[in-house]
Amino acid sequence: MMKHFSLHTVISLSLGILLFAILYMGMGCLFQKQIFVPLVSRLFESRDKESAQIQETIQRYNKVFTDLYVSDGQVMRLDDLPVRTVLKHEIYRELDFLRAKELVLIYDMASLKFVSTKFMSPFSAEVTTFEEWNYVYRKGAERKQAGKVKGLGSGFRYHMIKQQGGWKIADVDPVKIASEEKDEFKY
């Protein structure tokens, strides 16, 4: 007695065998040295390039950030910040508060050390830095010093997102950094 298979069963078995053959041959090709090694090295080159772009974005952010505060609260460079709109609004509110008190906050970055970059997806990353800053408040048009020069050394975690082909800062949080990951404070 001969058993008949339905057309659906024949098609499913045929597709399964075809998929297995494609995967088997594909995996064989992938793990051949001449194909696998260039593929993996391209992946790491891409990550290195993305890491460099992220670091440049953070450096640009800190440069514009210091310029904004030293400008007597003028916000002409606010659009140069590579950050999401929510973060721009937070900075603007702080500048407005300082302007209302006739204060200028002068920041000076003493050092920036990139500790780690962790890619969460192709469109997001977390970057940990150790930064040292000097700062002083000045008051009035004559910028009379309104306190002592102070210093701060802290770890920061930048939450990065990739939008429109470039990296932006979504948020920044202070974090603890292990002592072996930071250099001596330069203040």
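Residues numbered from 1 in each chain as written. Predicted model: local features only at pLDDT ≥ 70, side-chain atom pairs only at ≥ 80, totals over all residues. Heavy atoms only, no water.

1. Thoughts on a nonpolar patch on the surface
So, step 1. A contiguous nonpolar patch, built from L7, I11, L15, L18 and I22 and spanning about 520 Å² of accessible area, is present on the exposed surface.
So, step 2. Note that I22 resides in helix α1 (residues 7-30).
So, step 3. Classification of I22 by relative accessible area gives exposed; the value is 52%. (Patch = residues over 30% accessible without salt bridge, like charges linked within 9 Å, V, L, I, M, F, W, Y side chains within 5 Å. Areas by Shrake-Rupley, 256 points an atom, 1.4 Å probe, with all protein chains shown as cover. Salt bridge = Lys/Arg side-chain N within 4 Å of Asp/Glu carboxyl O. Helix = DSSP H or I, 4+ residues; strand = E, 2+ residues; numbered from the N terminus. Buried < 20%, exposed > 50% of the residue type's maximum accessible area, 1.4 Å probe, protein only.)

2. So, the layout of surface pockets
So, step 1. Taken as a whole, the largest pocket spans an internal volume of roughly 400 Å³.
So, step 2. As for the largest pocket, its lining consists of 18 residues, of which Y61, F65, Y107, F156 and V172 are closest to the centre.
So, step 3. Secondary-structure elements contributing two or more residues to the lining of the largest pocket are α2 (33-70), α3 (85-100), β2 (124-139), β4 (150-163) and β5 (166-175).
So, step 4. Here the lining of the largest pocket is composed, by residue class, of 13 nonpolar, 1 polar and 4 charged. (1 Å grid on protein atoms, 1.4 Å probe; cavity = no way out; pocket = protein on both sides within 12 Å on 5 of 7 lines; lining within 4 Å. Points joined across faces, edges and corners; volume = space filled by probe spheres on them. Nonpolar A, V, L, I, M, F, W, Y, C, P; charged D, E, K, R; others polar.)

3. So, the side chain of N62
So, step 1. Looking at where N62 falls in the secondary structure, it is placed in helix α2.
So, step 2. Dropping the residues within four chain positions of it, N62 is found in contact with M109, L112, E131, W133 and Y158. (Contact = heavy atoms within 4.5 Å.)

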